[in-house]
Every structure is written in C-alpha cells, then in structure tokens.
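Here is what each chain is made of, one letter per residue.
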Amino acid sequence: MLSCERLTMSFGSFRAVDDCSISVARGSITGLVGPNGAGKTTVFNMIAGALYPDSGQIIYLGEDITTLTPDRRFQKGLVRTFQIPHEFDHLSVIENLMMVAPGQPGESLINNWIAPARVKDVEAKTSRRAWEVLEFLELTQIAHQRAGRISGGQKKLLELGRTMMTDAELVLLDEPAAGVNRTLLRKLEEKIAFLHRERGYTFVLIEHDMEMIERLCAPVICMAEGRVLVEGNFETVRSDPRVLEAYLGERQHLTA
Ligand code: ADP
Ligand code: MG
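Residues numbered from 1 in each chain as written. Chains lettered and ligands numbered in written order. Predicted model: local features only at pLDDT ≥ 70, side-chain atom pairs only at ≥ 80, totals over all residues. Heavy atoms only, no water.

Explain empty space enclosed by the protein to me, and be specific about the residues and the numbers.
Evaluation of the coordinates by the stated rule reveals 1 cavity of 30 Å³ or more. Volume-wise, the largest cavity comes out at about 70 Å³. Taken together, Thr-81, Phe-82, Lys-156, Glu-159, Leu-160, Leu-173, Asp-174, Pro-176, Leu-188 and Ile-192 make up the lining of the largest cavity. Of all the elements in the fold, those that place two or more residues in the lining of the largest cavity are helix H6 (152–164), strand S7 (170–174) and helix H7 (182–199). When residues of the lining of the largest cavity are assigned to their parent elements, the largest contribution, 3 residues, is made by H6. Looking at the lining of the largest cavity residue by residue, the class counts come to 6 nonpolar, 1 polar and 3 charged. Summarising the domain contributions, the lining of the largest cavity has at least three residues from each of domain 1 (1–77 + 167–256) and domain 2 (89–165). (1 Å grid on protein atoms, 1.4 Å probe; cavity = no way out; pocket = protein on both sides within 12 Å on 5 of 7 lines; lining within 4 Å. Points joined across faces, edges and corners; volume = space filled by probe spheres on them. Helix = DSSP H or I, 4+ residues; strand = E, 2+ residues; numbered from the N terminus. Nonpolar A, V, L, I, M, F, W, Y, C, P; charged D, E, K, R; others polar. Domains from an automatic or database assignment.)

What follows is the structure in structure tokens.
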C-alpha cells in the first residue's frame, strides 16, 4: 500500500533519516519502534507531507506522492495524528470533529448564498457523523467542553476520532498511548483494533508501550539513527541484540 524508498532527511548537517526504506502492507497494523531520536516522527512527517525528503521516493497506492501537498495526500485517505495532539483548543470537542470533514461546501461564502439548502444538508450529515464518532469513542459526555480543557488521554482519543471523520485508508498514529492512563489506553487499543478489523483501516503505529505493540502490531520495524535496524514479528524484533543495544545506547546517552 505504501512504500518509502531510500528516504533521507537532514536538518542542517544532521541526518535525522538516512537512506531509510519502509513498506506497509494493506490491512496491516505496522509497528514503528526505536529509541528517541531514531527518526520515526520525521518519517511520518515525510509520509504525510509536512516535510519533503532531501532524496528518496514515497509511493502510495501505486502513485508517487513524494512532492504532493499534505492536503492532496489527505484527500487520498492518508491521514496522520500527532505525537502532541493538535486540537483547536478554543473550540468544543464536537466542533473539533466537524472541522475535519473534507470539502464542506459551507466553507465557501458564495455557496452559503446560492445554495444554502445544500450547505445545511452537508452540515447535518457532518454533525451526525461527528456524534457517531463521539459515541464510538464514548466521549459524548464531553461533546461541548472546550477541547483545550479535556484530559491528555481524551485528547488522544479525539485525535483518533478526527481520523474517523475522513475516509481514511492509511492512518499514521504517532505515540497514541503517550501520557494516557491504563484504562483509556486499553480503550484506545480496542478502538484501533476495531477500526482495523471492521473498517479495514491500515495503520502505522509509533509507540513506546511495548505491550501495545505486541498486542496490535505485525510486522514491527525498529529504527535507530535514521535507519531500519530490524524488521519482523514482535518476538524477532524484541530478541534481536541490535535492538537491545540501540535502546541501551539511548539510556546511556540520556543519563550522560
Ligand atoms: P523520533 O520520533 O524517533 O524520536 P524524530 O524524528 O523526532 O525522532 O527526530 C530525529 C532526530 O531529528 C532527532 O535528533 C531530532 O532532534 C532531530 N529533529 C527532528 N526534527 C527536527 C527539526 N525540525 N529540526 C532539527 N532537528 C530535528
Ligand atoms: Mg517522535
């Protein structure tokens, strides 16, 4: 479904991603792990179009999307969430969901004027969908709270909800469990598994919670220093001495 070929991305003289190739099979939940600074988020940024690689190619559904804008990728069903949630904090939770739906005719002033009935119709549909998403996430009780005020875990669920407002095919989740309490974490996990199973979403999941990776992901790709270190099933990756070494290296670096 997605193939990243020999991606390289430098910041100044520092190579954050270095000749990195990653493939994602349709219908998989592919795990992307590796110590902090390995380049995982930078890879997501390139796939989503927030950054353009210095070199390499990104092929999505058979099409070279390397130079497409994030918008165009989004329209093709390529959707991402952020490591740090990007909610509109002054808007309510339900409004945050309604914002996401693509191609709303009400965005154009002229449409409001010449086709108000159609605008109303689409708005009603968007609103219905937003409520369905909230029900699915069990968040209806906070629908009218300002998104800036809800808990970190609820913001993570809202991020997942935003992907459900679109016709997503490939969803990139950047550390969805970070800062989420145990109860919400299990719920988040269930929701991801459901969307995968019932809606046919393909996921790429960056996560430090190894239990979550083990329960959800196959295959697992471990990155270190901008490259793919090991790829395989969870057990293969976990027991690979190079992976252990990469994580130990991080710890030494952090305590140094
Ligand atoms: P990960 O998500 O695996 O923790 P990142 O992709 O966020 O890693 O970062 C990889 C490396 O690139 C890190 O050393 C980080 O400091 C650096 N980096 C990421 N984004 C930028 C940026 N916009 N400018 C400079 N350095 C960056
Ligand atoms: Mg990151």
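Now that the structure has been shown, the text picks up again.
Go over the site of ligand 1 with me, naming the residues and quoting the values.
Phe-11, Phe-14, Ala-16, Pro-35, Asn-36, Gly-37, Ala-38, Gly-39, Lys-40, Thr-41 and Thr-42 make up every residue found near ligand 1. A distance of 3.2 Å separates an oxygen atom of ligand 1 from a polar atom in the backbone of Ala-38. A distance of 2.8 Å separates an oxygen atom of ligand 1 from a polar side-chain atom of Thr-41. A total of 560 Å² of accessible area belongs to ligand 1 in isolation, and the protein chains cover 59% of it. Among the elements of the structure, strand S2 (14–24) and helix H1 (40–48) are those that each provide at least two residues to the shell around ligand 1. Tallying contributions element by element places H1 first for the shell around ligand 1, with 3 residues. Here the shell around ligand 1 is composed, by residue class, of 5 nonpolar, 5 polar and 1 charged. (Near = heavy atom within 4 Å. Polar contact = N/O pair within 3.5 Å; in protein donor to acceptor, adjacent residues only side chain to side chain. Areas by Shrake-Rupley, 256 points an atom, 1.4 Å probe, with all protein chains shown as cover.)

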